[in-house]
Amino acid sequence: MGIFDKFKIGFKKSASAFTSGLRDIIVKKEIDDKTLDQIEEYLIQSDVGLIAAEEIKKIIGQEKIDPKKDIMNEVNLILKNYIISLMKPLENENFFNKKEKLNAILISGVNGVGKTTTIGKVGKILKSNGNKVMFSACDTFRAAAIEQLESWANKIDVQITKSTQGSDPASVAYKAIEEALKSDFNHVLIDTAGRLQNKKNLMEEYKKIANVTKKIDPDAPHDVILVLDATSGQNVINQVEEFNKIIPLTGLIMTKLDGTAKGGILLALAKKYKLPIIALGLGEKEDDLQIFNAEKFAEAFTQIN
């Protein structure tokens, strides 16, 4: 199955809901001011965000759409081109390339976003590109988190640095980076405890993990990736806001996009934060984490079923 097919299947719910809603609005041979207002309102309801909705409305209003053509197809083409222009600069396929020096990657997110599973899937892609990968089990808070990450390490045959439940997460991260440098690893993926962004003590612990890595390498962590659950809708905006305040984020991974009709939230995030989108979770299988591609996303999101 090609990458577009995976995107198309993964975004089926979002695309189906999105295009059917637009079709209900676009029933005339031409788009008047009332229809434009309805389109804008619908875009906002679809979680694409106020700014993006306003811009799309303006572009549609300025376009000279031939009434002899299929209006729905023309509007979808405008949307597709808008999404590509907005999100193409946010691609970061280089993230998965082989690194010459150790790259310490801090993975964060609130409870239940699929963070540990995502680390396993990211590790598999990195390894397939010739990287020597280590997992650092710094989620010492959640029961079975260490075992879950160890299961992934065994599944894809990568090394793991761990301790016992309840031990100091920062010390595990320090030990992992120390070992990785000695043994010429390319990547260390640091799993952190799922935490609510409004819990100060947990966020301080998260900051401590990042700070302790700097004792070995002043540039560490080299990447700080926030994992988001697409089914959370507008809540992800607040999560990005709060996590970005603690340690500046370098990228986002969105999971569970196949299980929601709210895929439009990616546009809102792209417009507001302009953070690189590393990958998208489009299913529960081992190979269902897809490296982000703006054109494939745009085509899948605006597909007419």
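Rules used in this analysis
Residues numbered from 1 in each chain as written. Predicted model: local features only at pLDDT ≥ 70, side-chain atom pairs only at ≥ 80, totals over all residues. Heavy atoms only, no water. Phe/Tyr/Trp six-rings, centres within 6.5 Å; stacked < 30°, edge-to-face > 60°. Helix = DSSP H or I, 4+ residues; strand = E, 2+ residues; numbered from the N terminus. Buried < 20%, exposed > 50% of the residue type's maximum accessible area, 1.4 Å probe, protein only. Lys NZ or Arg CZ within 6 Å of the ring centre and 35° of its normal. Contact = heavy atoms within 4.5 Å. Pairing = 2+ DSSP bridges. Axes fitted to C-alpha atoms, helices over the stretch in contact; angles between N-to-C directions. Expected span 1.5 Å × (residues − 1). Polar contact = N/O pair within 3.5 Å; in protein donor to acceptor, adjacent residues only side chain to side chain. Parallel < 35°, antiparallel > 145°, perpendicular 65-115°, else oblique. Left-handed = near helix turned anticlockwise from the far one by under 90°. Core = buried A, V, L, I, M, F, W, Y, C linked by side-chain atoms within 4.5 Å.

## Details of the packing of aromatic side chains
Counting across every chain of the model gives six aromatic pairs. Seen in terms of ring centroids, F18 and F301 are 4.8 Å apart; in terms of plane orientation they differ by 35°. Their pairing is tilted. Of this pair, F18 sits in helix α2 (residues 12-25) while F301 sits in helix α12 (residues 294-301), placing them 283 residues apart in sequence. Take F18: its relative accessible area is 5%, and that puts it in the buried class. A relative accessible area of 2% means that F301 is categorised as buried. Note on F95 and F96: the rings are 5.0 Å apart at their centroids and 80° apart in plane angle, and the pair reads as edge-to-face. The burial state of F95 is the same as that of F96; both residues are buried. Taken together, F18, Y42, F292, F297 and F301 form an aromatic cluster joined through their ring pairs. Above the plane of the ring of F185 lies K132, whose end atom (NZ or CZ) is 4.6 Å from the centre. Here the basic side chain of K155 rests over the ring of W152, its NZ or CZ set 4.3 Å away from the ring centre.

## Points about the side chain of S46
With respect to the helices, strands and loops of the structure, S46 is situated in the loop between α3 (33-45) and α4 (50-62). For S46, a relative accessible area of 11% translates into the label buried. Those residues in contact with S46 that sit more than four places away from it in its chain are F18, G264 and I265.

## So, the sheet that holds strand β1 (residues 103-108)
Taken in spatial order, the eight strands line up as β3-β2-β4-β1-β5-β6-β7-β8 in an open sheet, and their pairing is mixed. What marks the edges here is a single partner per strand, and that holds for β3 (159-161) and β8 (289-291). Sheet twist, expressed as the mean angle between neighbouring strand axes with direction ignored, is 25°. Across the sheet, helix α8 (residues 169-182) lies against β1, β2 (133-138), β3 and β4 (187-192), angled at about 165° from β2, the strand it touches most.

## Let's talk about the environment of G281
In this fold, G281 is placed in strand β7 (residues 277-281). Residue classification places G281 among the buried residues on the basis of a relative accessible area of 6%. Each residue touching G281, except ones within four places of it in the same chain, is listed here: M254, T255, K256, L257, D258, D288 and L289.

## Let's talk about helix α5 (residues 71-87)
Over its 17 residues, α5 extends 24 Å from the first C-alpha to the last, a length consistent with the 24 Å expected when each residue adds 1.5 Å. Listed as buried for α5 are I71, M72, V75, N76, I78, L79, Y82, I83, I84, L86 and M87. Contacts from the buried residues of α5 go to α2, α3, α4, α11 (265-273), β7 and α12. Residue D70 occupies the N-cap position of α5, its side-chain oxygen lying 2.9 Å from the main-chain nitrogen of M72.

## Here we look at the environment of G264
With respect to the element layout, G264 can be found in the loop between β6 (251-255) and α11. Taking C-alpha positions, G264 is 17 Å from Q239, a pair spaced 25 residues apart along the chain. Setting aside chain neighbours within four positions, we find G264 in contact with S46, D47, V48 and F301.

## Section: α11
Along α11, seven of the nine residues are buried, which leaves the element largely enclosed by surrounding structure. Looking at α11, one finds that the buried residues are I265, L266, L267, A268, L269, A270 and Y273. K274 sits one or two residues past α11 and shows a positive phi near 55°.

## Let's talk about the packing of α8 against helix α9 (residues 200-213)
As a packed pair, α8 and α9 sit with axes 8 Å apart at the nearest point and diverge in direction by 25°. Between α8 and α9, the angle falls in the class roughly parallel. α8 and α9 meet at a crossing whose hand is right-handed. Residues P169, A170, A173, Y174 and I177 of α8 form the contact with α9, whose participating residues are E205, K208, I209, V212 and T213.

## Details of the nonpolar core
F11, M87, F135, L280 and F297 are the most contacted members of the largest nonpolar core, which has 103 residues in total. Among the elements that take part in this core, α5 stands out by supplying 10 residues, more than any other. In this structure F11 touches L257, L266, L280, L282, F297, A300, F301 and Q303, once residues within four positions along its chain are discounted.

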